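# Understanding the architecture of this molecule
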Amino acid sequence: MFLHRLCVILSALAPFVCFQFYFLYKLTNGKEDATEQIAYQLGTRGDAIPEPEISPLDHFVPLPLPAEVPDWIPPNFHEWNSTNSTPPSVWFDALDTYGRRGYVADPTLLRKSVLQWHKDHPGATYWDRLQGYQSHLLKKIDDYLFMEKTCALIPGVSVFGQGGLTMLVERIKVDEVPTLRMGGKDCLKQEETPDADDGNNNTTKKKKLKLFCGVYSYDGQRDSIRLAALSYGIKCDGFLAFSTATIPSLGMVALMHRGNETYQNMFQKTRSILSYVATHYLDDYDYFHLGGDDMHVIVENMRSLMLEYEREGYSGNKEGRMFGQIAKLPYHARNLIFNGGPGYTLDRIGLKKLHDFMPKCNPNAVKAEEDQEITRCVRNLNLEWSDNRDKCTGQQRSFGEHPDMTYNQTEKPEKGKRNFWEHQWSYWANLDHPTIKGVKVGVKLGSDAASNHTVAFHRLTYPSWMARHHALIYRACDASTPLGILTDIGVDGSITAGGA
């Protein structure tokens, strides 16, 4: 730094001499200077200015949606601006914390940061994590952060009535290691197969299947994003929440897209998310799951499902896979879609195909029903469509509603008006069993509606709902609380061995 100031003084007298002198200095002392600059940027020097934690919200400007766009994606999309004559058909530019365009987020940062936080706080529980990790970024301090409040039993107040409690406490199980459920007569004797040789006595020769989890949201839902990140997001190999603000420590990315930032334009945002992920992370992960900030994923069970599909392979000439809960839209000709509520999953080949097709994927549509539109695009790609039902029982493993509604769903007679979910229950009941020929699944109600190996639920609308949901699944309420007495298992702070 001293030499730099000296150069400024000498430059007025002898610019060429100064340049030569400074160049010689960089050759001989560049390493120390570079170290000093890195320390300054990282904020490890006393006089450093730390990097902003949150990107400036006024820099988030979605691209206006013209009537028509060409079927192309510019190679340097982040350099495109409104002065160009023809905008790209898919715009997926992200902002760093300074508000600069062209940002590529690190999907592993959240998990690494939380693991480090746990190392620095030995014995910390799920509740300690919610209260302690980056808590200054919370928009509101609320009751759900505290075990005593979340694990209380308040009939009629929480979404989890008796049905929801029964579903989560008695029905849903977490696979401690990935478990293959391939169906058939030996279904109850499934082998338990670790999916990685990680040096901890796992003997499988299979490579670990890596899962990327993505969430679409906006900064007004920051507390919900943070809760999702600290609940199931840290269990994914990579996690990003595509928002209107970039907060790296929470996995949040300000991802711009075509059209306005509204729920009614969710399809354009989804096109941008999938294109961004495919562009930057396609080779880093094997499976890519995307849903909203009110979705909860049981990651351990998702890993079991991933292993099943790896074992199953593709049929015929199909290549690439998309799977999730398949729902039936009443009154539509091509009426089967992947339900976006609990999220849908693409393997690497499937995501690559969808990304390549994205410029032709209804580029000018302004719609909230992103799952319907993405499904229509996928129809063109010759992918393996996989309903992620339990192959042993035919039960659903993903749900577009929360556990209480799932438990209390009823099927009305064939005659009479039905709501959307009553149509679904009738449709699922009449499906052929996934692995037993000549057998229908039949009506599955109450706790029988869900597989023990359920993967995801939806409509956990408020942070308090998701916190309770996660705590019940992972037995994070201790015996001093009413829900802890029900689950009868103590608090586990682990995030790598089946704990909360």
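Reading the values: the criteria
Residues numbered from 1 in each chain as written. Predicted model: local features only at pLDDT ≥ 70, side-chain atom pairs only at ≥ 80, totals over all residues. Heavy atoms only, no water. Helix = DSSP H or I, 4+ residues; strand = E, 2+ residues; numbered from the N terminus. Buried < 20%, exposed > 50% of the residue type's maximum accessible area, 1.4 Å probe, protein only. Polar contact = N/O pair within 3.5 Å; in protein donor to acceptor, adjacent residues only side chain to side chain. Pairing = 2+ DSSP bridges. Axes fitted to C-alpha atoms, helices over the stretch in contact; angles between N-to-C directions. Contact = heavy atoms within 4.5 Å. Nonpolar A, V, L, I, M, F, W, Y, C, P; charged D, E, K, R; others polar. Phe/Tyr/Trp six-rings, centres within 6.5 Å; stacked < 30°, edge-to-face > 60°. Expected span 1.5 Å × (residues − 1). pLDDT = per-residue confidence, 0-100. Parallel < 35°, antiparallel > 145°, perpendicular 65-115°, else oblique. Left-handed = near helix turned anticlockwise from the far one by under 90°.

### Remarks on the side chain of H118
Positionally, H118 belongs in helix α3 (residues 109-120). Classification of H118 as buried rests on a relative accessible area of 15%. Within the structure, the side chain of H118 is placed 2.9 Å from the side chain of R129, a separation counted as a polar contact.

### Section: the pairing of strand β3 (residues 238-243)
Across the six residues that make up β3, a large majority, six, are buried. What you see with β3 is no split at all: G238, L240 and F242 on one side and F239, A241 and S243 on the other are buried throughout. Where strand β2 (residues 211-216) and β3 come together, five bridges link them in parallel fashion. Looking at the pairing, F212 lines up with G238 of β3. Examined bridge by bridge, β3 and strand β4 (residues 252-255) share three bridges and lie parallel to one another. Opposite A241, over in β4, you have M252 as the bridge partner.

### Observations regarding the packing of helix α6 (residues 162-171) against helix α14 (residues 463-473)
Direction vectors running N to C along α6 and α14 enclose 35°, while the axes themselves pass 8 Å from each other. On α14, the residues that touch L165, L168 and V169 of α6 are H469, L472 and I473. Along the lines of polarity and charge, the residues of the contact of α6 with α14 split into five nonpolar, one polar and no charged.

### Describing the pairing of β2
When you tally the buried positions in β2, you get six out of six residues, the bulk of the element. Side chains of β2 alternate between two faces, with L211, C213 and V215 and F212, G214 and Y216 buried alike. In terms of strand pairing, β2 meets strand β5 (residues 287-292) through six bridges, oriented parallel. Paired with C213 across the two strands is H289, which belongs to β5.

### Structural notes on the environment of A241
Among the secondary structure elements, A241 is positioned in strand β3. Once the C-alpha coordinates of A241 and G292 are considered, the two residues, 51 residues apart in sequence, prove to be 8.9 Å apart. For A241, the residues in contact, after removing those within four places along its chain, are V215, I225, G251, M252 and V253.

### Points about α6
Of all ten residues that make up α6, eight are buried, and the element is covered over most of its length. For α6, the complete set of buried residues consists of G163, G164, L165, T166, M167, L168, V169 and R171.

### Details of the packing of aromatic side chains
Under the criterion given, the structure shown has 14 aromatic pairs. Between the aromatic rings of F242 and Y276, the centroid separation amounts to 5.9 Å while the plane-to-plane angle is 80°, which identifies the pairing as edge-to-face. With F242 in strand β3 and Y276 in helix α8 (residues 266-281), this pair connects stretches of sequence that are 34 residues apart. With a relative accessible area of 0%, Y276 lands in the buried category.

### With respect to the sheet that holds β4
Sheet strands associate in pairs through backbone hydrogen bonding, adopting either a parallel or an antiparallel arrangement. If you trace the eight strands from one edge of the open sheet to the other, you get β1-β4-β3-β2-β5-β10-β7-β11, paired in mixed fashion. Edge positions in the sheet fall to β1 (94-95) and β11 (384-387), since each of these pairs with one other strand and no more. Two elements, β1 and β4, share two bridges in a ladder whose sense is antiparallel. Residue pairing for β4: A94 is matched across the bridge by L255. Most of the contacts of helix α10 (residues 348-357) go to strand β10 (residues 344-347), to which it runs at about 95°, and overall it touches β5, β7 (321-324) and β10.

### Looking at helix α9 (residues 299-312)
When the terminal C-alpha atoms of α9 are compared, their 20 Å separation across 14 residues agrees well with the 20 Å that a helix rising 1.5 Å per residue should span. With eleven of 14 residues buried, α9 lies mostly within the body of the structure. Listed as buried for α9 are V299, E300, N301, M302, R303, S304, L305, M306, L307, E308 and Y309. Looking at the buried positions of α9, the neighbouring elements they touch are β2, β5, β6 (296-297), β7, β10 and β11. G313, located one to two residues past α9, shows a positive phi value of around 75°.

### Things to note about the confidence of the model for the protein
Should the pLDDT be low somewhere, the predicted coordinates at that spot are not to be read in detail. For the protein, per-residue confidence averages 81 on the pLDDT scale, and residues scoring 70 or more make up 74% of the total. Long-range and interchain partners of residues 66-86, a stretch whose pLDDT sits below 50, account for 46 contacts in this model, where long-range means more than four residues apart. A low-confidence stretch, residues 489-498 (pLDDT under 50), is modelled with 33 contacts involving residues beyond four sequence positions or located in other chains.

### Some thoughts on the packing of α8 against α10
At a minimum axis separation of 9 Å, α8 and α10 run at an interaxial angle of 120°. In terms of orientation, α8 lies oblique with respect to α10. For the element pair α8 and α10, the recorded crossing hand is left-handed. Packed against α8, whose contacting residues are L274, S275, V277, A278 and T279, the element α10 presents L351, L354 and H355 at the interface. Its residues assigned to classes, the contact of α8 with α10 comprises five nonpolar, three polar and no charged.

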